[in-house]
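Understanding the architecture of this molecule
Chain residues, written in single-letter form:
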Amino acid sequence: MVEIPPGLVHIGRQLPRLVLPLVFAYASSWAWAIVFEEPAPRWLMVSACLFPVPLAMTCGVLYTHLRDRREAARRGAILAPRVKSRWPGGFDILLSIAQEFRKGDIGSPFDQYCQEYGPIVNIRTMFEDRIFTTEPEHIKAILSTQFDSFEKGSCFHNCSGPVFWDQLSALLGTGVFNSDGEIWKFHRTMARPFFSKDRISHFDIFEKHAKDALNQAKARLQEGHPVDFQDMVYRFTLDSATEFLFGKSVHSLSAGLVYSKNSQPGKHRDFTNHSADIFAHALAEAQSQAMLRTNFGSSWRLAEFWSDRIRKEMEVCYRFIDPILKNALETKRMIKEGDQYTGQVSTEEKEGLEDTLLGHLVNCTEGKMDEIVNILIAGRDTTASTLTSLIYMLSQHPDILNRLRAEVLSKVGNSRRPTYDDVREMRYMRAVINGTIARLTHSLLCRTSTEAVVWPGVNGGPPIYIPPKTQTPFSVLLMHRRKELWGPDADIFDPDRFLDERLKYLVSNPFIFLPFSAGPRICIGQQFAYHEMSFFLVRLLQTFSSITLAVDVQTRRGESTKGMGPNPRDKVTFRRHVVLYVDVSTGYPSFIQPRKLSTVAFSLI
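Figured I'd write up the structure that's included with this text. As the structure is a computational prediction, the values presented were derived from the model and not from experiment. (Residues numbered from 1 in each chain as written. Predicted model: local features only at pLDDT ≥ 70, side-chain atom pairs only at ≥ 80, totals over all residues. Heavy atoms only, no water.)

From N to C terminus, the protein chain includes 25 helices and 11 strands. Residue burial in the protein chain is summarised as follows: out of 605 residues, 55% are buried. For the protein chain, contacts bridging at least 24 residues in sequence account for 73% of all contacts bridging at least 6. (Helix = DSSP H or I, 4+ residues; strand = E, 2+ residues; numbered from the N terminus. Buried < 20%, exposed > 50% of the residue type's maximum accessible area, 1.4 Å probe, protein only. Contact = heavy atoms within 4.5 Å.)

Next up, the structure:
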């Protein structure tokens with residue numbers, strides 16, 4: 001079936017708005033001819049054809065603004081301050097956001113807007129309001145106290161429904177991350193049992209794949225080549241997630257670790273032919289396109305006029321997932337039909353399917369691709385992104401690395417496998433993970449108001465009025481970096497802030513630190529993520545004694561003073577899609593030559 005280009009779909013949806021003023025102009029000229037018994041003057045006809053559309057848009061914008069001001073005043077509130085724009089429709093603002101996105105300044109220009117206008121600001125682009133906030137009380141309202149007044153979007157909404165769902169439906173469909181109401185409750189209830197304490201405290205899966213990854217890393221170092229840590233840990237989390245959730249690993253580590261691009265093996269070996277690598281590349285591209293799409297609001301189809309760029313990449317992802325899903329459906333069919341397939345389905349296969357999230361999905365939804373993709377992104381990308389950032393920070397802070405390694409060795413020695421209780425008792429380990437999340441975890445989320453709401457004022461100011469059907473993006477990253485919330489050293493990587501007297505900031509206001517969201521939609525996999533990261537770090541630090549950056553293979557963009565994300569002096573380039581990642585085209589984490597074979601130095605490219 002041939003799909004209509006997205007640009008034409010957008011134009012088709014806007015036709016009523018465009019055609020109605022022209023119809024009015026034609027009717028007016030016809031009325032002129034009847035009343036005055038002569039055709040309307042040519043200048044009047046030309047004006048009637050050219051000006052009705054922009055005039056109608058201008059009137060609509062002015063009416064909406066006056067209506068919102070009136071409604072705000074009626075509630076004793078004010079409107080959020082609006083970023084000043086030089087061009088109609090805020091196109092200069094849109095261009096600035098797109099440029100910063102491509103350059104990789106992950107907090108810019110939103111941090112600049114907040115510095116100029118305050119923690120809540122209306123970033124109006126494409127004639128649409130976007131009330132951006134980094135204020136904990138506002139984020140608390142979105143996620144918890146006014147939860148029912150905001151939504152992500154539902155497949156039952158028409159073209160005027162929530163923009164966020166419309167933008168990301170090609171990536172997330174109607175999975176748990178992109179649905180609301182009963183559909184969201186169904187997905188969440190279905191997945192919750194698979195993240196119970198009994199399941200996430202079994203470390204056999206982590207052990208198997210961590211051992212494989214670290215053995216390959218040691219072998220690569222013995223060859224005298226650095227190791228791309230980001231690539232390795234993304235493979236580790238993909239293999240662990242697929243085995244935990246679907247019962248079978250995709251064995252992406254079996255493709256081998258990549259070599260640095262300027263090495264001799266890297267010039268002659270292609271690492272992109274493994275099915276897991278093709279899947280990973282397509283999923284990353286789809287996420288990048290999704291984040292770029294959010295800059296254009298409901299007009300994103302004009303930026304992808306002839307083809308849906310996310311759908312193109314997701315077709316590649318679906319080809320990877322489809323055999324896994326088909327195998328599960330076939331196994332379910334044979335189990336259901338019983339005796340005639342006796343012997344074809346082993347007891348191990350039957351129990352394996354029934355004991356996994358995939359088996360549950362097959363039973364409840366016939367294995368919808370949407371939910372599988374949602375869970376894969378959560379299980380693979382978020383954990384790998386945090387580990388990559390964490391290892392980079394350890395490479396720049398050897399004192400923190402030595403202290404963390406000392407804690408690991410004091411708890412489990414240099415070889416014993418950690419248990420659930422061991423990980424729970426490693427307080428400094430948890431502080432290092434939290435410090436990394438606060439410093440280098442991108443989280444720009446968005447909701448759409450379903451009704452008019454009022455948010456508390458900032459610093460004793462008047463309340464803020466949020467009109468219905470308004471996008472309300474918020475940045476957890478920038479909130480984590482606010483000095484008035486975290487103290488004067490908020491922009492410094494220091495895990496001790498989660499252990500010493502500075503913890504008072506968090507204790508007095510828990511909503512200033514939201515690594516896994518909050519409220520009814522709090523991440524059900526947060527403990528799984530903490531355990532996976534902690535387990536991998538324990539095994540890593542049992543194996544390697546130091547972490548350094550292989551600066552000789554880095555190529556970076558020029559220094560920038562923009563952005564509240566990474567320090568402009570960082571030696572790698574961070575970019576963002578759904579999560580933060582290190583741009584492998586300009587520089588990427590890796591490992592260098594070990595100093596000792598017995599206590600090998602682990603490092604980053």
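Resuming the write-up.
Below, the discussion takes up the packing of aromatic side chains. Counting across every chain of the model gives 19 aromatic pairs. Geometrically, the ring pair formed by tryptophan 486 and phenylalanine 498 is tilted, given 5.8 Å between the ring centres and 55° between the ring planes. One end of the pair, tryptophan 486, is in helix H23 (residues 483–486); the other, phenylalanine 498, is in the loop between H23 and helix H24 (503–508), with 12 residues separating them in the sequence. As far as the burial class goes, tryptophan 486 and phenylalanine 498 line up, both buried. (Phe/Tyr/Trp six-rings, centres within 6.5 Å; stacked < 30°, edge-to-face > 60°.)

So, on to the pattern of salt bridges. Evaluated as defined, the whole model comprises 24 salt bridges. For arginine 124, the salt bridge is made with aspartate 129, and the minimal N-O distance between the two is 2.7 Å. For the pair shown, arginine 124 and aspartate 129 are each scored as buried. One salt bridge connects arginine 502 with aspartate 489, and the closest N-O pair in it is separated by 2.5 Å. With arginine 502 in the loop between H23 and H24 and aspartate 489 in the loop between H23 and H24, the pair connects residues that are 13 residues apart, well separated along the chain. As far as burial versus exposure is concerned, arginine 502 and aspartate 489 are alike and both buried. Salt bridges sharing partners connect three or more residues here, namely Asp489, Asp494, Arg497, Asp500 and Arg502. (Salt bridge = Lys/Arg side-chain N within 4 Å of Asp/Glu carboxyl O.)

Each pair of packed helices gets described by two things: the angle between the helix axes and the distance between those axes. For the pair helix H21 (residues 427–440) and helix H25 (residues 526–543), interaxial distance at closest approach is 11 Å and the crossing angle is 115°. On the basis of the axis angle, H21 is roughly perpendicular to H25. As H21 packs across H25, the resulting crossing turns out to be right-handed. The segment H21 lies against H25, with Met429, Arg430, Ile433, Asn434 and Ile437 engaging Gln527, Tyr530, Met533, Ser534, Leu537 and Val538. Class assignment for the residues of the contact of H21 with H25 results in 7 nonpolar, 3 polar and 1 charged. (Axes fitted to C-alpha atoms, helices over the stretch in contact; angles between N-to-C directions. Parallel < 35°, antiparallel > 145°, perpendicular 65-115°, else oblique. Left-handed = near helix turned anticlockwise from the far one by under 90°. Nonpolar A, V, L, I, M, F, W, Y, C, P; charged D, E, K, R; others polar.)

The next point concerns empty space enclosed by the protein. By the definition in use, this model includes 6 cavities of 30 Å³ or more. Put simply, the largest cavity is a space of about 1,100 Å³. Looking at the largest cavity, it is lined by 48 residues, and the ones nearest its centre are Phe177, Ala378, Thr382, Leu445 and Cys523. Those elements that place two or more of their residues in the lining of the largest cavity are helix H7 (163–172), helix H8 (181–191), helix H11 (229–246), helix H18 (369–396), strand E4 (444–449), helix H22 (476–480) and H25. When residues of the lining of the largest cavity are assigned to their parent elements, the largest contribution, 8 residues, is made by H18. Residue composition of the lining of the largest cavity, grouped by class: 32 nonpolar, 12 polar and 4 charged. (1 Å grid on protein atoms, 1.4 Å probe; cavity = no way out; pocket = protein on both sides within 12 Å on 5 of 7 lines; lining within 4 Å. Points joined across faces, edges and corners; volume = space filled by probe spheres on them.)

With that settled, the discussion passes to H21. A rise of 1.5 Å per residue sets the reference length of H21, with its 14 residues, at 20 Å; its end C-alpha atoms lie 20 Å apart and thus fit the reference within 8%. Counting buried residues in H21 gives 12 out of 14 residues, a clear majority hidden from the surface. Restricting attention to buried positions, one finds in H21 the residues Tyr428, Met429, Ala431, Val432, Ile433, Asn434, Gly435, Thr436, Ile437, Ala438, Arg439 and Leu440. (Expected span 1.5 Å × (residues − 1).)

Next up on the list: helix H5 (residues 110–117). Among all positions of H5, only Phe110, Asp111, Tyr113 and Cys114 are buried. Projected down its long axis, H5 carries its buried residues within an arc of 160°, all on one side. Set apart from the buried face of H5 by more than 90 degrees, the exposed residues are Gln115 and Glu116. Of the surrounding secondary structure, the elements contacted by the buried residues of H5 are helix H4 (91–103), strand E1 (120–122), strand E2 (131–133), E4, H22 and strand E9 (574–576). Count one or two residues on from H5 and you reach glycine 118, which has phi positive near 110°. (Arc of directions from axis to C-beta.)

What follows concerns the packing of helix H19 (residues 398–412) against H25. Two elements in contact, H19 and H25, have axes whose closest approach is 10 Å; the angle formed by their N-to-C orientations is 95°. The orientation of H19 with respect to H25, classified from their angle, is roughly perpendicular. Listed contacts from H25 to Leu401, Leu404, Arg405, Val408 and Val412 of H19 are Val538, Leu541 and Gln542. In the contact of H19 with H25, the residues fall into 6 nonpolar, 1 polar and 1 charged.

Below, the discussion takes up the side chain of threonine 472. As for its placement among the helices and strands, threonine 472 is situated in strand E7 (residues 471–475). Not counting residues within four places of it along the chain, the set of residues in contact with threonine 472 comprises Ile131, Ile142, Phe150, Leu445, Cys446, Arg447, Thr448, Trp455 and Ile466.

Attention now goes to unusual backbone geometry. With the exception of glycine, most residues fall at negative phi, and the peptide bonds are largely trans. Residues other than glycine seldom take positive phi values, yet histidine 251 does so here, at roughly 55°. Among the structural elements, histidine 251 can be located in the loop between H11 and helix H12 (264–268). When its relative accessible area of 46% is taken as the criterion, histidine 251 is described as partly exposed. In this model, lysine 469 sits at a positive phi of 60°, which is unusual for a non-glycine residue. By the element assignment, lysine 469 lies in the loop between strand E6 (464–466) and E7. In this structure lysine 469 comes out as exposed when scored by relative accessible area, which is 67%.

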